Amino acid sequence: MYTNIEFLDTEPIDNVITALHFKVDKTIFIGYQDVKNEYERQTENFLKTHCGVKEVEFRVVSEMDLQNAIETLREVIEAEKEAGNQVFFDITGGEGLILVAFGMLAQEYRLPIHQYDIVSDRLYELNPEEISPISSYSELKKEKVQLDLDTYIKMQGAVISGKKIAGEMDTSNPFFMKKVEKLWEVLCDYRERWNSYTEVLGSVFKTDTLYADAIVDSSRVRDLNSFQTYLERIKGTGAIYKLRMTNLQKENGLERVRISFFYESEDIKHCLIKSGNTLELHTFQMMKKHAFDCRQSVMIDWDGVEHRYKGMDVLNEIDVLCIEGNIPTFISCKGGRMDDGQALDPMYELLTVAERFGGKYAKKVLAVVHPLKDVYVSRAEEMGIEIRLAQKIEKQ
């Protein structure tokens with residue numbers, strides 16, 4: 001039997017990275033009581049369910065007593081050697097006195113040590129030449145368990161909810177997504193008026209069908225000519241058709257135009273009546289090109305338990321969520337202007353959600369249509385958040 005002994009960390013990916021790459025039979029965690037209490041169940045379930053580890057054990061040591069850590073670790077090693085098991089030390093995520101104990105006993109018992117760089121997914125083996133590293137055991141090598149979003153979030157102790165989100169759009173429809181990219185070009189050209197125009201379409205032209213018909217005056221749209229040019233541009237993308245615009249007599253000194261058209265589909269209508277949808281779908285489209293798994297409008301249930309009473313489930317929605325290698329990226333999309341401190345709330349919300357469900361390695365992105373003030377850009381950098389400003393796609 002092959003046994004992997006490692007430090008029990010508060011970062012879930014550190015605890016399972018070796019089992020994602022190698023067919024170890026048993027994992028023994030050495031850690032602190034409070035960490036064991038919080039992470040024992042989810043770690044054991046993940047290793048057995050997704051990595052094929054047969055046995056998982058947890059041993060508690062003192063945070064301040066090196067001798068206690070050494071004695072506990074020695075007991076574990078002696079028991080494994082007596083059982084005839086091959087032992088490996090994994091120091092990924094290791095810290096403090098436990099890491100010192102690992103180093104001392106690895107040298108005493110001549111045991112191989114390894115560590116993973118999670119970001120690069122690279123294995124480092126820290127052994128003298130005469131000690132066989134874990135990578136030299138051909139029978140242990142396996143095709144790496146690739147983490148999709150469902151698996152990654154489960155590893156964090158939560159689940160992606162299957163509940164439908166209101167206004168959810170069909171991102172699997174290639175015809176729809178091609179139109180989204182055409183709308184993206186319009187958004188970039190009309191970024192100063194995109195929000196106000198989508199608000200007009202969602203309120204003045206409010207409709208439960210694909211047919212929209214309304215009279216618009218210059219109190220709702222400052223420049224009627226510009227709004228009409230905008231609609232002609234939208235028509236050119238194929239998002240609306242049968243566009244008709246008829247000038248009417250002024251009323252109370254206001255210019256008036258009667259406008260009617262048909263939306264190409266319900267999904268297109270959602271893009272044109274809610275300012276952030278096109279930004280969100282474009283961001284999803286771009287991230288999907290490189291990610292192993294990428295999804296839009298993801299709802300995460302904090303504990304994965306469906307509670308009996310409505311409203312008891314704790315849910316968070318992420319605009320775009322993707323994973324590449326071992327690293328998830330959490331993206332929040334904001335189509336409106338964010339002045340006077342309005343950028344801070346989305347930043348803190350993104351930080352909280354990414355740290356809870358992505359861990360310390362997760363990437364955080366705030367996608368925006370309008371540039372942020374320098375003070376908020378600096379604050380984002382301090383929080384490890386990348387700001388991505390809407391821009392046209394470069395033509396190849």
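Q: For this particular structure, what's the right way to read the overall build of the protein?
A: Across its full length, the protein holds twelve helices and 15 strands. The C-alpha radius of gyration computed for the protein amounts to 28 Å, which surpasses the reference 21 Å derived for 396 residues by more than 25%, pointing to a less compact arrangement than a globule. With the C-alpha coordinates of the protein rotated into their principal frame, the extents come out at 95 × 50 × 40 Å. Buried positions account for 49% of the 396 residues belonging to the protein. In the protein, once contacts between residues fewer than 6 apart in sequence are set aside, the share between residues at least 24 apart is 67%. Of the roughly 19900 Å² that the protein leaves accessible, carbon and sulfur atoms contribute 46%.

Q: Mind showing me how you'd approach unusual backbone geometry here?
A: Outside of glycine, negative phi angles account for most residues, and trans bonds account for most peptide bonds. The backbone phi angle of Arg 110 is positive, close to 55°, even though this residue is not glycine. Within the fold, Arg 110 resides in the loop between helix 4 (96–109) and strand 5 (113–117). Assessed through its relative accessible area of 40%, Arg 110 is described here as partly exposed. Not every positive phi belongs to a glycine, and Ser 297 is a case in point at roughly 55°. As for its position among the elements, Ser 297 is in strand 11 (residues 293–301).

Q: For this particular structure, what's the right way to read the sheet that holds strand 14 (residues 363–368)?
A: Hydrogen bonds between backbone atoms are what pair the strands of a sheet, whose relative direction is either parallel or antiparallel. Spatially, 7-11-12-13-14-15 is the arrangement adopted by the six strands of the open sheet, whose pairing is mixed. Taken across any chain shown, the strands that pair with only one partner, and hence form the sheet edges, are strand 7 (159–160) and strand 15 (385–389). Both strand 7 and strand 11 contribute to a ladder of two bridges, which runs antiparallel. Residue Ile 160 lies in a different strand from strand 11, and its bridge partner there is Ile 300.

Q: Explain the pairing of strand 2 (residues 26–31) here, please?
A: Here is the key point about a regular strand: its side chains alternate between the two faces of the sheet. Summarising burial for strand 2: six of the six residues are buried, a large majority. Covered by surrounding structure in strand 2 are Lys 26, Ile 28 and Ile 30 together with Thr 27, Phe 29 and Gly 31, the residues of both alternating faces. Where strand 1 (residues 2–7) lies against strand 2, five bridges are found, and the strand directions are parallel. The partner of Ile 5 across the bridge, within strand 2, is Ile 28. The handedness of the strand 2 to strand 3 (residues 55–60) crossover, carried by helix 2 (residues 33–50), is right-handed.

Q: Is there a simple way to think about the sheet that holds strand 10 (residues 254–263) in this case?
A: The three strands lie next to each other as 8-10-9, forming an open sheet whose pairing is antiparallel. Strands with a single pairing partner mark the edges of an open sheet, and in this sheet they are strand 8 (211–217) and strand 9 (240–251). Averaged over all neighbouring strand pairs, the angle between strand axes comes to 15°, with direction disregarded. The sheet contact formed by strand 8 and strand 10 spans seven bridges and is antiparallel. Within strand 10, the position partnered with Ala 214 by the bridge is Ile 259.

Q: Where do I start with the packing of aromatic side chains in this structure?
A: To describe a pair of aromatic rings, you give the distance between the ring centres and the angle between the ring planes. Summed over the entire model, instances satisfying the criterion amount to 17 aromatic pairs. Both rings, one in Tyr 211 and one in Phe 262, keep their centres 4.8 Å apart while their planes meet at 45°; by these two values the pair is tilted. Taken as a pair, Tyr 211 in strand 8 and Phe 262 in strand 10 lie far apart in primary sequence, 51 residues in all. Three or more aromatic residues joined by ring pairs make a cluster, and in this case those are Tyr 190, Trp 194, Tyr 197, Phe 205, Phe 227, Tyr 230, Phe 261 and Tyr 263.

Here is what the cut-offs are and how they apply
- Residues numbered from 1 in each chain as written.
- Predicted model: local features only at pLDDT ≥ 70, side-chain atom pairs only at ≥ 80, totals over all residues.
- Heavy atoms only, no water.
- Helix = DSSP H or I, 4+ residues; strand = E, 2+ residues; numbered from the N terminus.
- Rg over C-alpha atoms; globule rule 2.2 N^0.38 Å.
- Buried < 20%, exposed > 50% of the residue type's maximum accessible area, 1.4 Å probe, protein only.
- Contact = heavy atoms within 4.5 Å.
- Areas by Shrake-Rupley, 256 points an atom, 1.4 Å probe, with all protein chains shown as cover.
- Pairing = 2+ DSSP bridges.
- Right-handed = clockwise from strand over helix to strand, strands pointing away.
- Axes fitted to C-alpha atoms, helices over the stretch in contact; angles between N-to-C directions.
- Phe/Tyr/Trp six-rings, centres within 6.5 Å; stacked < 30°, edge-to-face > 60°.

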